[in-house]
Amino acid sequence: FLPCSGGPLVMSIEGGPTITEGVKNYMSYYLAEAVTAAEDTGCMREPSVIALAKMLIQAVNAKPMPTKTGKISSTFGSPTLRRLLPELAPALQEQAHRQQLGTPMQLEDFFNRLARSLDPEDPGGEHALVWAKDMKAVVAERQREREAAAAQRLARAEENEAYLEQLKEAVTTPMP
C-alpha cells in the first residue's frame, strides 16, 4: 500500500511523520490489510475509518498546544499521540459507536492496533511501517525480503524433490 497523502512527507518536530501523516498511513495500512486478508477480518470499511481518523485528529487538535507553532497534529508525531491516545480513545470509541461507525469490538480493535503501531518495540513491526520517515522505502524493502524468502522456499522444495527422487530410485532399484 502507499501513503494516502501521495505528496512529500511532512516531518514533525519530533523527527518522524506528523500525527496527521501517521494517521493517514495507519488508515491506509488498516484498510489494505482488511482488503488483502484471506477471509473477512471484521474490519470497518473505508468511510467509517476516514470518519474515525478525522474525529481523532480533531480530538488531538482540541488539546491545549504547548507552543504557538500550529496544530498539534501537524506539529508533533507518534510520541505525542502515544501519550494522548489512552486519554482520547475511550471517548472517541463511544462517540464513533453512537455515530454507528463500527461495532464496539471493531472500534476497540481499531484503537488497539493504532496503539500497537505507536509502540516502537512492537514485535509486529507496524510502527516501522506506519511511522516510517520513508514509507515507500520500507514497503520496497519488505517486498524484497518476501521475494528472497519465497526464492529460498522454492530452492528448498527443489532440493527436497531431488532428494525424494533419489530415495525412490534407491528403494525401487533391485538389489544384485
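Okay, so let's go over this structure. (Residues numbered from 1 in each chain as written. Predicted model: local features only at pLDDT ≥ 70, side-chain atom pairs only at ≥ 80, totals over all residues. Heavy atoms only, no water.)

Looking now at the environment of leucine 56. The residue leucine 56 is located in helix α2 (residues 46–61) in this model. For leucine 56, a relative accessible area of 1% gives the class buried. Note: C-alpha distance between leucine 56 and glutamine 93 (37 residues apart in sequence) is 9.9 Å. (Helix = DSSP H or I, 4+ residues; strand = E, 2+ residues; numbered from the N terminus. Buried < 20%, exposed > 50% of the residue type's maximum accessible area, 1.4 Å probe, protein only.)

Okay, unusual backbone geometry next. The backbone phi angle of glutamine 100 is positive, close to 60°, even though this residue is not glycine. Take glutamine 100: it is sitting in the loop between α4 (78–98) and α5 (104–117).

Below, the discussion takes up the side chain of serine 73. By the secondary structure assignment, serine 73 is in helix α3 (residues 72–75). Given the relative accessible area of 2%, serine 73 is considered buried. Residues within four places of serine 73 in sequence aside, it is in contact with Thr18, Ile19, Thr20, Ile57, Val60 and Asn61. (Contact = heavy atoms within 4.5 Å.)

Turning to the pattern of salt bridges, a few remarks are in order. One pass over the full model with this rule turns up 5 salt bridges. Residue glutamate 94 pairs with arginine 98 through a salt bridge whose shortest N-O separation is 3.1 Å. Placement of the pair is glutamate 94 and arginine 98 together in helix α4, with a separation of 4 residues, close to one helical turn. Each member of the pair glutamate 94 and arginine 98 is classed as exposed. Glutamate 141 is paired through a salt bridge with arginine 144; the nearest N and O atoms lie 2.8 Å apart. Of the two residues, glutamate 141 and arginine 144 both sit in helix α7 (residues 135–172), 3 residues apart, roughly one turn of that helix. Relative accessible area serves as the criterion here: at 35%, glutamate 141 is assigned to the partly exposed category. Since its relative accessible area comes to 47%, arginine 144 is described here as partly exposed. (Salt bridge = Lys/Arg side-chain N within 4 Å of Asp/Glu carboxyl O.)

Summed over all chains, the structure comprises 4 aromatic pairs. Look at tyrosine 26 and tyrosine 30: their rings are 6.0 Å apart centre to centre, the planes differ by 45°, and that puts the pair in the tilted class. With tyrosine 26 and tyrosine 30 both in helix α1 (residues 19–36) and 4 residues apart, the pair spans about one turn of that helix. Given the relative accessible area of 0%, tyrosine 30 is considered buried. The class for tyrosine 26 is buried, based on a relative accessible area of 1%. Taken together, the ring pairs connect Tyr26, Tyr30, Phe110 and Phe111 into an aromatic cluster. (Phe/Tyr/Trp six-rings, centres within 6.5 Å; stacked < 30°, edge-to-face > 60°.)

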